[in-house]
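# Commentary on secondary and tertiary structure
What follows is the residue order along each chain.
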Amino acid sequence: MILVNKLIFRDRTNQSIYLATALVGNTGNLGIPLGIALFGIESVPYTSIINIANILFIYIFSVYFFAREQFLLKEAIFAIFKIPAIWFTLFAIFINYQQIPINKHISTALEMGAYTSMVIQLLIFGMYLYSVKIKSMPWHLSLHISFVKHILLPVIGIIVVLYFTNLNSFVASILIMELMVPLAVNNVNLAALYNCKPSNVTATILISTTLFVFLLYFYVEIIKYIFK
């Protein structure tokens, strides 16, 4: 994508959106519940660790590509380290690895905060979605990103899993499912934060999610056929 983005888009901001969003799926709010629906509660450890990897990708690479529209290279890299989510994610991994127990009252407060953050994310998404007009949809940008997210990425994932790993069918199916989920709403938050055409990013997420609704049945059938 880094090699071809300048050939597809002339506008540098569209190049940044393309590189920042196309590989970032909704592995949390959608991926984890979908994994439970398709594979059962046993899928949660796998979908959770994939979601953590996705979070780190968002707040490192996506932040850099969004921020470079506002800052120089050094400032864009520095902006990555100012994102609290990175440090809290690493802190959470440390607590989990060390098996440090968490008081039930603290756990309840953290859970309430998590639910609140999801509501705020969706509110921000809805505010920008209100400004999206069908006649001014960025179809060129959105369809290229959707092609990467819904076709190119899953195909590459299937090839890598089949020929370059020894994953069992259960884990492989979960991984491919996570590659197929639509774009993450977090992209809108970052686009708004760095003033990188948030309305266009919102429209792209809408198109990606709509396509996912129609493709979900075929995705499930493909996974069942390949990893049966």
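What you see is a predicted model; the values in this text were computed from it and never measured.

### So, the layout of surface pockets
In this model, the largest pocket occupies a volume close to 1700 Å³. Lining the largest pocket are 38 residues, and of these Asn51, Ile55, Thr89, Ala92 and Ala114 sit closest to its centre. The set of elements that each furnish at least two residues to the lining of the largest pocket consists of helix 4 (44-67), helix 6 (84-98), helix 7 (104-130) and helix 10 (186-193). Of the residues forming the lining of the largest pocket, the biggest block, 10 residues, is contributed by helix 7. Looking at side-chain class alone, the lining of the largest pocket contains 21 nonpolar, 16 polar and 1 charged residues.

### Comments concerning empty space enclosed by the protein
Tallied over the full model, the rule gives 1 cavity of 30 Å³ or more. Taken as a whole, the largest cavity spans an internal volume of roughly 40 Å³. If you trace the largest cavity, you find it lined by Leu34, Leu38, Met177, Met180, Val181, Phe212, Leu216, Tyr219, Val220 and Ile223. Every element with two or more residues in the lining of the largest cavity is listed here: helix 3 (31-39), helix 9 (169-180) and helix 11 (198-226). Counting residues per element, the lining of the largest cavity draws most heavily on helix 11, which supplies 5 residues.

### Let's talk about the nonpolar core
Of all hydrophobic cores here, the largest spans 32 residues; its most connected members are Phe66 and Tyr194. Contributing elements (two or more residues each) for this core: helix 2 (12-21), helix 4, helix 5 (73-81), helix 8 (139-164), helix 10 and helix 11. Of the residues forming this core, the biggest block, 6 residues, is contributed by helix 4. In contact with Phe66, not counting residues within four places along its chain, are Ile17, Ala20, Thr21, Asn187, Leu190, Ala191, Tyr194, Cys196 and Val201. If you look at the next biggest cluster of nonpolar residues, it comprises 16 residues, including Phe39, Leu153, Val161 and Ala172.

### Structural notes on the side chain of Thr89
Of note, Thr89 is situated in helix 6. With relative accessibility at 12%, the residue Thr89 sits in the buried group. In terms of polar contacts, Thr89 uses its side chain to reach the backbone carbonyl oxygen of Ala85, at 2.6 Å. Every residue in contact with Thr89, bar those within four places of it in the chain, is listed here: Ile52, Ile55 and Leu56.

Criteria and thresholds
Residues numbered from 1 in each chain as written. Predicted model: local features only at pLDDT ≥ 70, side-chain atom pairs only at ≥ 80, totals over all residues. Heavy atoms only, no water. 1 Å grid on protein atoms, 1.4 Å probe; cavity = no way out; pocket = protein on both sides within 12 Å on 5 of 7 lines; lining within 4 Å. Points joined across faces, edges and corners; volume = space filled by probe spheres on them. Helix = DSSP H or I, 4+ residues; strand = E, 2+ residues; numbered from the N terminus. Nonpolar A, V, L, I, M, F, W, Y, C, P; charged D, E, K, R; others polar. Core = buried A, V, L, I, M, F, W, Y, C linked by side-chain atoms within 4.5 Å. Buried < 20%, exposed > 50% of the residue type's maximum accessible area, 1.4 Å probe, protein only. Contact = heavy atoms within 4.5 Å. Polar contact = N/O pair within 3.5 Å; in protein donor to acceptor, adjacent residues only side chain to side chain.

Nothing here speaks to function; it is all geometry.
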